[in-house]
Amino acid sequence: MKILDRYVLKQFISTFFFALIAFILLFFIIDLMENLDDFIDAKMNFPLIMLYYLYFIPDIIKLMTPVAALLSALFTTGKLSNLNELVIFRASGISLVRYLIPFLIVSIFISLFQIYFTGEVIPKANKNKLALEKKYMHKKSVFSDENVSFQDIKNRLIAISFYEVESKKAYKVVITDLDTNNITKITRRIDAEIMEFDDKEDAWKLQTVKERIFEGENIITKIYPEIVMKEIHMRPDDIIKSHISYDEMTNKDLQERIKDEISAGLDPRRTITEYHSRLAFSFASIIVVFFGVPLSVNKRKGGLAVQFGINVLVAFTYIAIMKISQAFGKNGAMNPILTAWFSNILFMIVAIVNFIRSNR
């Protein structure tokens, strides 16, 4: 490793961690002031509040890592530019490509770490944070045991008034089968007072059942004290999993949900968009650094302040476009994979054009 690489890496890495810690502290203070009344009302003591923010910090790190990487790259490059050291580097035959290499190497390592961090650490931290909110701040959990509804297969809807997780019992259940050729037409409806999962039968057992079959204008009604419905595909774990938010799901959980939704004939576009958006955002550090460094190489009027403003605007524009494109993917207006990676593709193209212009 050359002296230049060591010098640049030392400046870049030290500034990166300093900026990241500063952003964490800033978020901590702002959020604490915003939620202080809720903590007091919940009678949470100091250790519990610190535990809450310990679980909250990973999410802050995820959001602020690209901004910290951009800021540190900008500061390092701007400092060298103001001291005319970049002019000396270029006079010595060091190209912009060569100067960028240490920045990109560190950014790649940051992005690889982000993939693991966003896919494994953050969901577990979010789960613990939500558990604290439910226990002490009386906030509703992501999974609500009341008024649960979901799609079992493409033409079957199940609505549950109340579900007991421990006993695997559902109360006031309505199962609706739809015509496969016309999903607005109901072919069968089953009402049951209790639906309990039988581990021995590996099926749902319904009690006090009323079945209605719709054949044209005729309705055939049948009453059963108890029936076993093996045609229901969902299992007790599926009920809970289907109502857990994406924030609590690891990358593996998202992959499993995608497979389950596809096999059940459900629309997996929201889950696919979420999964690929996580991957795409992990590479944000590479893109913003590749965009920001060439932009900061040349001196501008206003110095570092103007360059900082331009680059931060770029970073938040990147995040805004990513969030907007995700919405199009989740509602089915565009291809979910394309919308997840759209912001990366767009800014990488702009970054390449900017790099070519700066390298002239």
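Look up a bit, the structure's there.
A quick note: this is a predicted structure, and the numbers were derived from the prediction, not measured. (Residues numbered from 1 in each chain as written. Predicted model: local features only at pLDDT ≥ 70, side-chain atom pairs only at ≥ 80, totals over all residues. Heavy atoms only, no water.)

Participant: How should I be thinking about the nonpolar core in this particular structure?
Facilitator: In a soluble, globular protein the nonpolar side chains are often hidden away together inside. Residues Phe39, Phe103, Val289, Val293 and Tyr318 are the most contacted members of the largest nonpolar core, which totals 57 residues. Secondary structure elements with two or more residues in this core: helix H1 (3-41), helix H2 (46-82), helix H4 (96-136), helix H7 (269-282), helix H8 (284-297), helix H9 (303-330) and helix H10 (336-358). The element that contributes the greatest number of residues to this core is H2, accounting for 14 residues. Contacts of Val289, omitting those with residues within four sequence positions, involve Phe12, Ala69, Leu70, Ala73, Phe103, Ser107 and Pro294. Of all hydrophobic cores here, the second largest spans 20 residues; its members include Tyr163, Met195, Leu206 and Ile227. (Core = buried A, V, L, I, M, F, W, Y, C linked by side-chain atoms within 4.5 Å. Buried < 20%, exposed > 50% of the residue type's maximum accessible area, 1.4 Å probe, protein only. Helix = DSSP H or I, 4+ residues; strand = E, 2+ residues; numbered from the N terminus. Contact = heavy atoms within 4.5 Å.)

Participant: Teacher, can you tell me more about the pairing of strand S2 (residues 156-164) here?
Facilitator: Each regular strand displays side chains that alternate between the two surfaces of the sheet. Looking at chain direction, S2 and strand S3 (residues 169-178) are connected through 8 bridges and run antiparallel. For Tyr163, the partnering residue across the bridge sits in S3 and is Ala170. Adjacent in sequence and paired antiparallel, S2 and S3 are bridged by 4 residues, among which Lys168 carries a positive phi angle near 60°. (Pairing = 2+ DSSP bridges.)

Participant: Any chance you could explain the side chain of Glu133 here in plain terms?
Facilitator: Structurally, the position occupied by Glu133 is in helix H4. Residue Glu133 is classed as buried on the basis of its relative accessible area, which comes to 7%. Looking at Glu133, its side chain comes within polar contact range of the side chain of Tyr52, at 3.1 Å. (Polar contact = N/O pair within 3.5 Å; in protein donor to acceptor, adjacent residues only side chain to side chain.)

Participant: Would you explain the packing of aromatic side chains in this entry?
Facilitator: Between two aromatic rings, the relevant description is the distance of the centres plus the angle of the planes. Inspection of the entire model under this criterion finds 14 aromatic pairs. With centroids separated by 5.3 Å and ring planes inclined at 25°, the aromatic side chains of Phe113 and Phe117 adopt a geometry described as stacked. In this pair, Phe113 and Phe117 are both assigned in helix H4, 4 residues apart and thus about one turn of the helix distant. Looking at Phe117, the relative accessible area reads 8%, which means it is buried. Pairwise contacts between aromatic rings join Phe28, Phe39, Tyr52, Tyr53 and Phe56 into one cluster. (Phe/Tyr/Trp six-rings, centres within 6.5 Å; stacked < 30°, edge-to-face > 60°.)

Participant: It is not clear to me how H1 should be interpreted in this structure. Could you clarify?
Facilitator: Because each turn of an α-helix spans 3.6 residues, side chains separated by three or four positions in sequence point in the same direction. The end-to-end C-alpha separation of H1 is 56 Å, in line with the 57 Å expected for 39 residues at 1.5 Å each. The sharpest bend along H1 reaches about 55° and sits at Asn35. Of the residues flanking the end of H1, it is Lys43, one or two places downstream, whose phi is positive at about 55°. (Expected span 1.5 Å × (residues − 1). Bend = angle between axes of the 7 residues up to and from the residue.)

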